[in-house]
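Here are the chains, one letter per residue:
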Amino acid sequence: MRVSIDTHPGGTNPNEDWVAGTSTLAIVLDGLSTAGLNTGCRHGVPWYVSQLGSQLVAALAAPDRTLAAGLAEALERVAAMHPECDLNNPGTPSATVAVLRHRGEDLDHLVLADSPIVIEGPEDYSVITDLRVDAVLPQLRAEVEKHETDTPEHKEALQRFVHAQRQVRNTADGYWVASASPEAAEHALTGTTPLREAQAALVMSDGASRLVTEYGMATWPEVFATLRAGGPRELIDNVRKVEATDPTGRRWPRYKSGDDAAVAFCQW
Ligand SMILES: [Zn+2]
């Protein structure tokens with residue numbers, strides 16, 4: 001497998017996305033926003049995603065290990081790296097996970113929360129994503145989206161939303177993300193696609209997929225054409241150009257003006 005990667009922060013804060021490609025793996029992690037609230041961890045979200053990503057690559061070095069088992073092991077290893085932090089804090093650093101693995105004649109996938117994988121088949125595109133996060137707290141989400149991103153009302157509504165999300169995160173009533181417990185790995189969506197049914201694949205954070213899913217400014221065939229012509233950087237540049245036409249989220253209400261974006265484009 002040949003993987004081209006790129007990632008770019010959405011604003012002036014450190015990038016909380018993480019991406020890696022090897023000859024058998026493409027991994028994207030998207031750290032969840034803390035909205036400035038307490039996390040109980042002195043390391044921070046960029047540290048968390050880089051450690052989790054690295055441990056995931058290590059845990060999946062054994063090709064016979066399932067992706068979910070590898071994720072569970074990586075979560076355990078990262079938790080053991082900062083026992084001095086309060087890992088029971090509901091705001092402990094958390095991330096979405098999307099993994100694609102080339103194994104023999106197959107492609108295995110795992111998604112946990114809303115970083116999607118798109119597989120380009122001979123005739124159509126399969127979008128693999130876990131949108132359980134979108135089903136919770138619709139009123140608080142609507143409140144955030146009512147305000148433009150540069151207003152104090154937006155910031156306050158976002159903090160209320162994130163605070164409430166933390167109460168249902170990694171519970172049976174809410175949605176699952178990578179956090180401090182290996183249990184979340186059992187809730188990831190996994191599957192396998194025969195390699196012959198895939199011409200190419202794209203693993204990305206929602207900061208990149210929103211060009212299609214939220215902004216409606218490109219189709220998946222156009223995205224794959226962009227990737228073949230200009231690589232992941234051109235795709236991310238296209239997202240930024242679209243966001244620059246709507247800097248405060250008037251046309252496309254959102255949590256921030258630009259979201260961190262990470263892209264891994266896979267070919268064979
Ligand atoms: Zn920590």
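What counts, and where the lines are drawn
The residue numbers shown here count from 1 along each chain, following its written sequence. Given that this is a predicted model, residues contribute local features only at a pLDDT of at least 70 and side-chain atom pairs are listed and counted only at 80 or more, while totals for whole chains, interfaces and linings are drawn from all residues. Derived side-chain values reflect all non-hydrogen atoms in the structure, with water molecules and hydrogen atoms excluded from consideration. What is meant by a nonpolar core is a set of buried Ala, Val, Leu, Ile, Met, Phe, Trp, Tyr and Cys residues, joined one to another through side-chain atoms within 4.5 Å. For each residue, the accessible area found with a 1.4 Å probe, counting protein chains only, is set against the maximum for its type, and the residue is called buried under 20%, exposed over 50%, and partly exposed in between. Counting from the N terminus, the helices are DSSP H or I runs at least four residues long and the strands are E runs at least two residues long. In this analysis, two residues are considered to be in contact whenever any of their non-hydrogen atoms come within 4.5 Å of each other. The rule for pairing is simple: two strands pair if DSSP sees at least two bridges between them. Note on method: axes are straight lines fitted to C-alpha atoms, helices fitted across the in-contact stretch only, with angles between N-to-C directions ranging 0 to 180 degrees.

### So, the nonpolar core
Next, step 1: Of all hydrophobic cores here, the largest spans 27 residues; its most connected members are Leu 56, Val 97 and Val 99.
Next, step 2: Elements represented by at least two residues in this core include exactly strand E2 (17-21), strand E3 (25-31), helix H1 (45-59), helix H2 (67-81), strand E4 (95-103) and strand E5 (106-112).
Next, step 3: Tallying contributions element by element places H2 first for this core, with six residues.
Next, step 4: The residues contacting Val 99, other than those within four sequence positions of it, are Leu 25, Ala 26, Ile 27, Leu 56, Leu 60, Leu 67, Asp 108, His 109, Leu 110 and Ile 117.
Next, step 5: Leu 211, Ala 218, Phe 224 and Ile 236 belong to the second-largest nonpolar core, a separate cluster that totals 21 residues.

### Concerning the sheet that holds strand E10 (residues 261-267)
Next, step 1: Taking strand neighbours across the sheet as the criterion, the five strands line up as E1-E10-E9-E6-E7 in an open arrangement whose pairing is antiparallel. Two strands bound the open sheet, and with one partner strand each, they are strand E1 (2-8) and strand E7 (125-128). Going from strand to strand, the sheet's axes swing by 15° on average, the running direction of each strand aside.
Next, step 2: When strand E9 (residues 200-204) meets E10, the two strands line up antiparallel, connected through five bridges. Across the sheet, the residue bridging to Leu 202 is Phe 265, located in E10.
Next, step 3: Here helix H5 (residues 206-213) sits on the sheet in contact with E9 and E10, set at roughly 80° to E10.
Next, step 4: The strands touched by helix H6 (residues 220-244) are E1, strand E6 (117-120), E7, E9 and E10; relative to E10, the strand with the most contacts, the crossing angle is about 155°.

### Observations concerning the sheet that holds E4
Next, step 1: If you trace the five strands from one edge of the open sheet to the other, you get E2-E3-E4-E5-E8, paired in antiparallel fashion. Strands at the two margins of the open sheet, each flanked by one partner only, are E2 and strand E8 (189-194). Geometrically, the sheet is characterised by an average inter-axis angle of 10° between neighbouring strands, direction not taken into account.
Next, step 2: Direction of pairing for E5 relative to E8: antiparallel, over a ladder of six bridges. Looking across to E8, one finds that His 109 is bridged to Gly 191.
Next, step 3: The strands touched by H2 within the sheet are E4 and E5, with E5 carrying the most contacts at an inclination of about 45°.

### Examining H5
Next, step 1: Of all the eight residues making up H5, seven are buried; the element is thus mostly covered by neighbouring parts of the structure.
Next, step 2: Here H5 has its buried residues at Asp 206, Gly 207, Ala 208, Ser 209, Arg 210, Leu 211 and Val 212.
Next, step 3: Considering only its buried residues, H5 is in contact with E3, E9, H6 and E10.

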